[in-house]
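Report on the structure
One-letter residues, chain by chain:
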Amino acid sequence: MIPQPVRPVRVVIVDDHAIFRTGLKADLDPAAVEVVGEAGDVDSAVRTIHATEPDVVLLDVHLPGGRGGGGAEVAASCQALAPEVRFLAISVSDSAEDVVAVIRAGARGYVTKTISGAEVSDAVRRVAGGDAVFSPRLAGFVLDAFGTADVAVRDEELDLLSARELEVMRLIARGYTYREAAKDLFISVRTIETHVSNVLRKLQLSNRHELTRWAGERGLL
């Protein structure tokens, strides 16, 4: 049987700067991402998302129009319109307030505009597949805001992990490399590898992408 080609992820770009939208479209991997619409303000974004029903919306957090809620307002408004649509915030802002607001509204990730087109394309693919994607520094804001959510505290699977395994799990799920996690926790890379292996075994997961999804669903990112 001839394998069927994987279709590109259908994307809407929402940003109030047309020159940025044009540049981003040019930088995205055309084999992986198909831009099916774009918008420059809250109201047109909601209409475009409703009309095109994309897989992923690349969403700036500061937008004119609507009730003044920016990207968070778009994400919140579209949850009822198209619950299968996933939102990935992309912004020049790296403030905790902006990150937490758009995640509370339903975004599955947040990256800054300093990343490359290839990195955005990869982030889009991961979000479309169900992963939560954050720049490492920004993930800390989300962890601080949601890490003590009741749903996480009550999760019996967390009881399987030691305190150190939980620390390692959070860093790896947030996108840290083994070396970065080792430096952050002042332990060796080999020790990190051992902890990750134990975490995946205890949670019955296969890889770090599944771990990111698992942690995101429990508000641990």
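Residues numbered from 1 in each chain as written. Predicted model: local features only at pLDDT ≥ 70, side-chain atom pairs only at ≥ 80, totals over all residues. Heavy atoms only, no water.

**Quick look at the overall build of the chain**
Looking only at helices and strands, one finds 11 helices and 6 strands in the chain. Among the 221 residues that make up the chain, the fraction classed as buried is 48%. When the accessible surface of the chain is summed, it comes to about 11100 Å², and 52% of that surface belongs to carbon and sulfur atoms. (Helix = DSSP H or I, 4+ residues; strand = E, 2+ residues; numbered from the N terminus. Buried < 20%, exposed > 50% of the residue type's maximum accessible area, 1.4 Å probe, protein only. Areas by Shrake-Rupley, 256 points an atom, 1.4 Å probe, with all protein chains shown as cover.)

**Observations concerning the UniProt feature "modified residue: 4-aspartylphosphate" (unreviewed entry) in the chain**
What UniProt calls "modified residue: 4-aspartylphosphate" (unreviewed entry) maps, in this numbering, to Asp60. With respect to the helices and strands, the residue Asp60 is situated in the loop between strand E3 (56-59) and helix H3 (70-81). Apart from the residues within four sequence positions on either side, Asp60 is in contact with Val14, Asp15, Asp16, Gly71, Ile90, Ser91 and Lys113. (UniProt positions renumbered as here; feature names shortened; annotations may be inferred. Contact = heavy atoms within 4.5 Å.)

**Looking at the sheet that holds strand E6 (residues 133-134)**
Within the open sheet, the 6 strands sit side by side as E2-E1-E3-E4-E5-E6. Their pairing is parallel. With partners counted over all chains shown, the strands left at the sheet margins are strand E2 (33-39) and E6, one partner each. Sheet analysis places strand E5 (residues 109-112) next to E6, joined by 2 bridges and oriented parallel. By the bridge assignment, Tyr110 is partnered in E6 with Phe134. Of the strands in this sheet, strand E1 (9-14), E2, E3 and strand E4 (86-91) touch helix H2 (residues 42-52), which is tilted by about 140° from E2. Along the sheet, helix H5 (residues 117-128) makes contact with E1, E2, E3, E4 and E6, crossing E4 at roughly 155°. (Pairing = 2+ DSSP bridges. Axes fitted to C-alpha atoms, helices over the stretch in contact; angles between N-to-C directions.)

**Some points on the side chain of Arg21**
Inspection of the secondary structure puts Arg21 in helix H1 (residues 18-27). For Arg21, a relative accessible area of 13% gives the class buried. Apart from the residues lying within four places of it in its own chain, the contact partners of Arg21 are Ile13, Asp15, Asp16, Glu38, Ala39 and Gly40.

**Some details on the layout of surface pockets**
What the largest pocket holds in volume is close to 340 Å³. Considering the residues around the largest pocket, the lining is formed by 19 residues, among which Arg126, Val133, Phe134, Pro136 and Gly175 are closest to the centre. Residue assignment for the lining of the largest pocket shows that the elements contributing at least two residues are H5, E6, helix H8 (163-173) and helix H11 (208-217). Counting residues per element, the lining of the largest pocket draws most heavily on H5, which supplies 4 residues. Of the residues contributing to the lining of the largest pocket, the split by class is 10 nonpolar, 4 polar and 5 charged. (1 Å grid on protein atoms, 1.4 Å probe; cavity = no way out; pocket = protein on both sides within 12 Å on 5 of 7 lines; lining within 4 Å. Points joined across faces, edges and corners; volume = space filled by probe spheres on them. Nonpolar A, V, L, I, M, F, W, Y, C, P; charged D, E, K, R; others polar.)

**Some details on the packing of helix H9 (residues 178-185) against helix H10 (residues 189-203)**
Relative to each other, H9 and H10 sit at 105°, their axes nearing to 8 Å. Classified by the interaxial angle, the pair formed by H9 and H10 is roughly perpendicular. Residue-level inspection shows Tyr178, Arg179, Ala181, Ala182 and Leu185 of H9 in contact with H10, the latter providing Val189, Ile192, Glu193 and Val196. Class assignment for the residues of the contact of H9 with H10 results in 7 nonpolar, no polar and 2 charged. (Parallel < 35°, antiparallel > 145°, perpendicular 65-115°, else oblique.)

**A few points about the side chain of Thr112**
Relative to the assigned elements, Thr112 resides in strand E5. Not counting chain neighbours up to four residues away, the residues in contact with Thr112 comprise Ile90, Ser91, Ser93, Asp94, Ser135 and Leu138.

**A short note on the pattern of salt bridges**
Per the stated rule, a full pass over the model turns up 12 salt bridges. Of the charged contacts, one joins Arg213 and Asp131 as a salt bridge, the two residues approaching to 3.4 Å between their closest N and O atoms. Remark: Asp131 occurs in the loop between H5 and E6 and Arg213 occurs in helix H11; sequence separation between them is 82 residues. On the basis of relative accessibility, which here comes to 26%, the residue Arg213 falls in the partly exposed class. What makes Asp131 buried here is its relative accessible area of 4%. Linking Glu167 and Arg164 is a salt bridge whose minimum nitrogen-to-oxygen distance equals 3.0 Å. Here the residue Glu167 and the residue Arg164 both occupy positions in helix H8, the gap between them amounting to 3 residues, near one helical turn. Taking the relative accessible area as the measure of exposure, Glu167 reaches 39% and is therefore partly exposed. Connected through shared salt-bridge partners, Asp29, Asp122, Arg125 and Arg126 make up one network. (Salt bridge = Lys/Arg side-chain N within 4 Å of Asp/Glu carboxyl O.)

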